[in-house]
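# Coordinate analysis (summary)
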Amino acid sequence: MNTPSTKIQRALVTGGSRGIGFHITEMLIKQGIDVCIAGRNSEHLENAREKLTADDEAKQRRGKVYIVPIDLEKPDAPQKLIQTAGENLGSLDLLVNNAGISLNLPLEKTTIQDWDRVMHINARAPFFLCQEALPWLRKSAAPTIIQIASVVSHAGYELQSAYSASKHALLGFTKAFAKEVQQEDIRIYTLSPGGVATKMIDSVRPDLDQEDLIDPQEIANMIWFLLTHRRNAMIDHITMRRVKKTAWI
Ligand SMILES: NC(=O)c1ccc[n+]([C@@H]2O[C@H](COP(=O)([O-])OP(=O)(O)OC[C@H]3O[C@@H](n4cnc5c(N)ncnc54)[C@H](OP(=O)(O)O)[C@@H]3O)[C@@H](O)[C@H]2O)c1
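Residues numbered from 1 in each chain as written. Predicted model: local features only at pLDDT ≥ 70, side-chain atom pairs only at ≥ 80, totals over all residues. Heavy atoms only, no water.

Turning our attention to the packing of aromatic side chains. Within the structure shown, the criterion is met by two aromatic pairs. An aromatic cluster is present here, built from Phe127, Phe128 and Phe173 joined pairwise through their rings. Across the ring face of Phe22, the terminal group of Lys51 is positioned such that the distance to the ring centre comes to 5.2 Å. Positioned over the ring face of Trp136 is Lys139, at 5.5 Å from the centre of the ring. (Phe/Tyr/Trp six-rings, centres within 6.5 Å; stacked < 30°, edge-to-face > 60°. Lys NZ or Arg CZ within 6 Å of the ring centre and 35° of its normal.)

Our next topic: helix H5 (residues 161-181). Under the 1.5 Å per step criterion, the end-to-end length of H5 is 30 Å for 21 residues, consistent within 8% with the ideal 30 Å. Within H5, the full set of buried residues consists of Ala162, Tyr163, Ser164, Ser166, Lys167, Leu170, Leu171, Phe173, Thr174, Phe177 and Val181. As for H5, its buried residues are in contact with helix H4 (112-137), strand S5 (144-148), strand S6 (187-194) and helix H6 (199-204). (Helix = DSSP H or I, 4+ residues; strand = E, 2+ residues; numbered from the N terminus. Expected span 1.5 Å × (residues − 1). Buried < 20%, exposed > 50% of the residue type's maximum accessible area, 1.4 Å probe, protein only. Contact = heavy atoms within 4.5 Å.)

Take the sheet that holds strand S7 (residues 237-241) next. Sheet strands pair by backbone hydrogen bonding; their relative direction is either parallel or antiparallel. The seven strands lie next to each other as S3-S2-S1-S4-S5-S6-S7, forming an open sheet whose pairing is parallel. Of all the strands in the sheet, just strand S3 (65-69) and S7 have a single pairing partner and so form its edges. The mean inter-strand angle of the sheet, taken between neighbouring strand axes irrespective of direction, is 15 degrees. Relative to strand S2 (residues 34-39), strand S1 (residues 10-14) runs parallel, the two being bridged by five bridges. Considered in S2, the bridge of Val13 is made with Ile37. (Pairing = 2+ DSSP bridges. Axes fitted to C-alpha atoms, helices over the stretch in contact; angles between N-to-C directions.)

Now for the pairing of S5. Of all five residues that make up S5, five are buried, and the element is covered over most of its length. Where strand S4 (residues 94-97) lies against S5, four bridges are found, and the strand directions are parallel. Across the sheet, residue Val96 finds its bridge partner in S5, namely Ile146. Running through H4, the crossover from S4 to the neighbouring parallel element S5 is right-handed. Note: S5 against S6, five bridges, orientation parallel. In the strand pairing of S6, Ile148 is matched with Leu191. (Right-handed = clockwise from strand over helix to strand, strands pointing away.)

Quick look at the site of the ligand now. The immediate surroundings of the ligand are formed by 29 residues, with Arg40, Asn98, Tyr163, Val196 and Thr198 found nearest. Protein contact buries 97% of the 880 Å² of open area that the ligand shows by itself. Those elements that place two or more of their residues in the shell around the ligand are helix H1 (19-30), H5 and H6. With three residues, H6 is the largest single contributor of residues to the shell around the ligand. Its residues assigned to classes, the shell around the ligand comprises 13 nonpolar, 10 polar and six charged. (Near = heavy atom within 4 Å. Areas by Shrake-Rupley, 256 points an atom, 1.4 Å probe, with all protein chains shown as cover. Nonpolar A, V, L, I, M, F, W, Y, C, P; charged D, E, K, R; others polar.)

Helix-helix packing: each pair is described by the crossing angle between the helix axes and the interaxial distance. It is at 8 Å that the axes of H4 and H5 come closest, and there the two elements cross at 15 degrees. Overall, the two elements H4 and H5 adopt an arrangement that is roughly parallel. Once H4 is placed against H5, the crossing between them reads as right-handed. For the pair H4 and H5, the contacting residues are Trp115, Val118, Met119, Asn122, Ala123, Pro126, Phe127, Cys130 and Leu134 in the first and Ala162, Tyr163, Ala165, Ser166, Lys167, Ala169, Leu170, Phe173, Phe177 and Val181 in the second. (Parallel < 35°, antiparallel > 145°, perpendicular 65-115°, else oblique. Left-handed = near helix turned anticlockwise from the far one by under 90°.)

The subject of this paragraph is the side chain of Asn122. On the secondary structure map, Asn122 appears in helix H4. There is a polar contact of 2.8 Å between the side chain of Asn122 and the backbone oxygen of Ile101. Contacts of Asn122, omitting those with residues within four sequence positions, involve Ala99, Gly100, Ile101, Tyr163, Ser166, Lys167 and Leu170. (Polar contact = N/O pair within 3.5 Å; in protein donor to acceptor, adjacent residues only side chain to side chain.)

Okay, the nonpolar core next. The biggest cluster of nonpolar side chains holds 34 residues, and the ones touching the most others in it are Ile24, Leu28 and Ile223. Non-local contacts of Ile24, meaning those with residues more than four positions away in its chain, are made with Val13, Val96, Ile148, Ala220 and Ile223. The next biggest cluster of nonpolar side chains, apart from the first, holds 28 residues, and it includes Ala85, Leu89, Leu170 and Val181. (Core = buried A, V, L, I, M, F, W, Y, C linked by side-chain atoms within 4.5 Å.)

Dropping the structure here:
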């Protein structure tokens, strides 16, 4: 059997300092792909880079890791991030829109500031990151975007009205955008997880049994599958739910 491979050589992963983004980054650099990771906290980014490059034995085969401290809530962040990532990496084949925040509040108690924050980070930033990344991706041999959405892109969960709205927005613009660039063979995949063992789920759903949660490594494995199956089958969207959820949404 052939080892799966990809033409992707350079990637930007937002929110790569921990959780799902960290595992995606680790998977990419183990495959020799250079990755730029972005997040707000520079110390966390430095720690992640140290962990990702610590394995001496594998270093030869590993991709390089660049870090960009940036707050994606800011309106000019997408433009600045793509420019900096592009300059560091030299080119861009893959954008992973992973950074996101959750909000666990009844609609009645959600403030305008809460709403704006969630919408800006989870929906506006990925929208304009896609826009800014396009000129770079058009020069790539395997232009690809991966959107980390959520099961709440498809359903409404109580106490998550603003979060659900932001993830519906992410999915909605992605569907339209994918059609706009389809003829250019820019592949856009949306992955909708539910219940992944990260810091985010710890704060939002401390009631969940750790045993039932998805290992973030499984998300990274699914992404590797998508990146290495660039064939004539069009895969748009994948939902991955924790073990004890009923099948289908
Ligand atoms: N965990 C789950 O069960 C689950 C389920 C469905 C969907 N998701 C989605 O998966 C993605 C990753 O979630 P996760 O569970 O890995 O979360 P996490 O552990 O909280 O990690 C979030 C990452 O995003 C970065 N980030 C947050 N706000 C940011 C901002 N304003 N600007 C730049 N970076 C920012 C964080 O770094 P800093 O804090 O340093 O900024 C961190 O690297 C999110 O989009 C989330 O909605 C998660």
